[in-house]
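Single-letter residue listing:
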Amino acid sequence: MNGPLNRTSFQLGRELQTRLEDRLIDWERAGNTTKLWNKDARLWTNSGEENWLGWLTLVEEQLEDLRPVQDAATLVCGSSFDQVVLLGMGGSSLCPDLWASTFPQQSNFPKLRVLDSIVPAQVVELESELQLEKTLFIVSSKSGNTIEARALMEYFFDRVQATAGPRNAGRQFIAITDPGTPLEEVARQRDFRRVYYGKPDVGGRFSALSSFGLVPAALMGLDIRRLLTMAQPMVHACRRERATENPGVVLGAIMAEAALSGRDKLTLVISPAIARLGAWLEQLIAESTGKDGKAIIPVDAEPLGDPDAYGTDRLFVYVRLASSPDPLQDRGIERLAAAGHPIVRIDVSEPLAITQEFFRWEVATSVAGAILGINPFDQPHVQLSKDETQRLLQYYQNQTHLPDYPPAVIENELKVFLHPSDRDFAEAASPHSMVGLLRAHLQRLKPGDYFALLAFLPSEASCDRLLQEIRRSIRDHYAVATTCGYGPRYLHSTGQAHKGGPNTGVFLLVTAEDAVDRNVPGCGCTFGTIKMAQALGDFQVLGNLGRRIVRVHLPAALQPGLERLVELVTQALS
């Protein structure tokens, strides 16, 4: 049975409210909602957008035939598998990660885990928590050749072979991919238990309600029919021609008009019980809008501050779980509203109603793209870092080490690296020390800029806490938006906006020596080597594009090294 429509309200201020009203009138007069549902590429840039709109009809198509997805549940219900581990990145992992963090383990079903990192410490830690003979692995990749998913597959397939034998190892693996990909071929060759297919006309970041999101949900025992029927009220509402009554169109118009008026930092405040929705939204928004020198920059998981901690470039969206709200967030949003900050409030009736937000935000992002005059379905700059990573890995194969610049400063086992384009900046830093360089780098922040932490570190609570300290101190000192992405995951998410959006980011890329590492079978290198090649590749590409970036390299003793970095940033701000 369909649930209620998630409620929305907003307080935008006179100027933005007027812009919104005018935009909705224009949208309705032009019949743009009909163009959206008719997959008319002229709504955007007329450059192939019609080939990427299959997500519009996913809910109804899935409900018409649930057998493929429900088949997944039969694989594990009451079986010997006690854990399911998804190996994937970006659009293949963020929705399953949301399921796993939002819903408890279901009776008679295994626990769902998501591994979307090749940082060796994170891989080793997860492996230590598994009984391999009782683990089912999902290899999830739309393209079928995602470097991280392939490396993780090779590693764990080798591990399972050692316990189950070459003939039986494939029975502990399933694949989710598009038809005809290299992953499908490998799955057939290795006799994977199942292969589930995505839709070629649905991009990865729009695929939450396809097999990429629903098969993991079924494997952890969620009610797939209910997930989909909960989405139906939003699907129907987003068909409304009257623009003011269409929740997807209204949100998309707010996003775009806010960005066009200088409020391009879309700051997400999300109830803790559904907090991982923020990472999914971050990818959807950043990768869809960050191109052609334009972007709506999503700000996820930034500590909520006092009203005077924010500049005039913010639009706040409060996604509030009505069944489990956070009183501190409620009060914080009330203070922001009282201070005149523009705020959109979305009340999610219950956790299952997250599926409504998948669809609403997909429509909204598509609408925002149309208003901004961009193609929201491509990601033209993502390949740049991939190509540079491959070049560096080829160099490693030939030289047995990765190339790197000499450090600008070394202090207490911490090293600071600068891009060659920043030599003049380095010479101007005073004193020429780690604190001096960090101070000079942070002083490049101007009103309307944002600070981005790019951390090729384990995604764990101890790192989260210290990175959040850095974000909070910089946000409060400069009144700029701050973002934080773990590498290499952010490369599949905000990386497009970093490169294709406006040159308003000031980046601090953090790498570290690996205390542990593991070889990737058939690759000729380790997880640590691939990770470092990705970090160096992104550093090189961002620098080549004229982005303001500094890299800090930490020792293998990660915790004290990161604590020292927090101290250095604090000193740089004093």
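Criteria and cut-off values
Residues numbered from 1 in each chain as written. Predicted model: local features only at pLDDT ≥ 70, side-chain atom pairs only at ≥ 80, totals over all residues. Heavy atoms only, no water. Buried < 20%, exposed > 50% of the residue type's maximum accessible area, 1.4 Å probe, protein only. Helix = DSSP H or I, 4+ residues; strand = E, 2+ residues; numbered from the N terminus. Pairing = 2+ DSSP bridges. Polar contact = N/O pair within 3.5 Å; in protein donor to acceptor, adjacent residues only side chain to side chain. Contact = heavy atoms within 4.5 Å. 1 Å grid on protein atoms, 1.4 Å probe; cavity = no way out; pocket = protein on both sides within 12 Å on 5 of 7 lines; lining within 4 Å. Points joined across faces, edges and corners; volume = space filled by probe spheres on them. Nonpolar A, V, L, I, M, F, W, Y, C, P; charged D, E, K, R; others polar. Axes fitted to C-alpha atoms, helices over the stretch in contact; angles between N-to-C directions.

Caption draft 1: Broad picture of the pairing of strand 10 (residues 343-348). Across the six residues that make up strand 10, a large majority, five, are buried. As judged from the five bridges shared by strand 1 (residues 7-11) and strand 10, these two strands associate in the antiparallel manner. Within strand 10, the residue paired with Q11 across the bridge is I343. Note: strand 9 (residues 314-321) against strand 10, six bridges, orientation parallel.

Caption draft 2: Examining the side chain of E287 more closely. Summarising the element assignment, E287 is placed in helix 12 (residues 277-289). With a relative accessible area of 5%, E287 lands in the buried category. Within the structure, E287 has its side chain in polar contact with the side chain of R205 (distance 3.1 Å). Contacts of E287, omitting those with residues within four sequence positions, involve R205, E282, D378, Q379, V382, H492, S493 and Q496.

Caption draft 3: Structural view of empty space enclosed by the protein. Going through the model one piece at a time under the given rule, you end up with one cavity of 30 Å³ or more. Its volume calculated, the largest cavity comes out at about 40 Å³. Surrounding the largest cavity, A286, I297, P298, Y450, T483, T494, A497 and H498 form its lining. When the residues that make up the lining of the largest cavity are grouped by side-chain class, the tally is five nonpolar, three polar and no charged.

Caption draft 4: Main features of the sheet that holds strand 5 (residues 173-177). The strand order 3-2-4-5-6 describes an open sheet built from five strands, whose pairing is parallel. Edge positions in the open sheet fall to strand 3 (111-115) and strand 6 (194-197), since each of these has one partner strand only. On average, each strand axis in the sheet is inclined to that of its neighbour by 20°, with strand direction left out of account. The pairing of strand 2 (residues 83-87) with strand 3 spans five bridges and is parallel. When the sheet's bridge partners are listed, L86 is paired in strand 3 with V114. Contacts from helix 4 (residues 67-76) reach strand 2, strand 4 (135-140), strand 5 and strand 6 within the one sheet, and its direction differs from that of strand 6 by about 150°. Those strands touched by helix 7 (residues 147-164) are strand 2, strand 3, strand 4 and strand 5, and its axis lies near 155° from that of strand 4.

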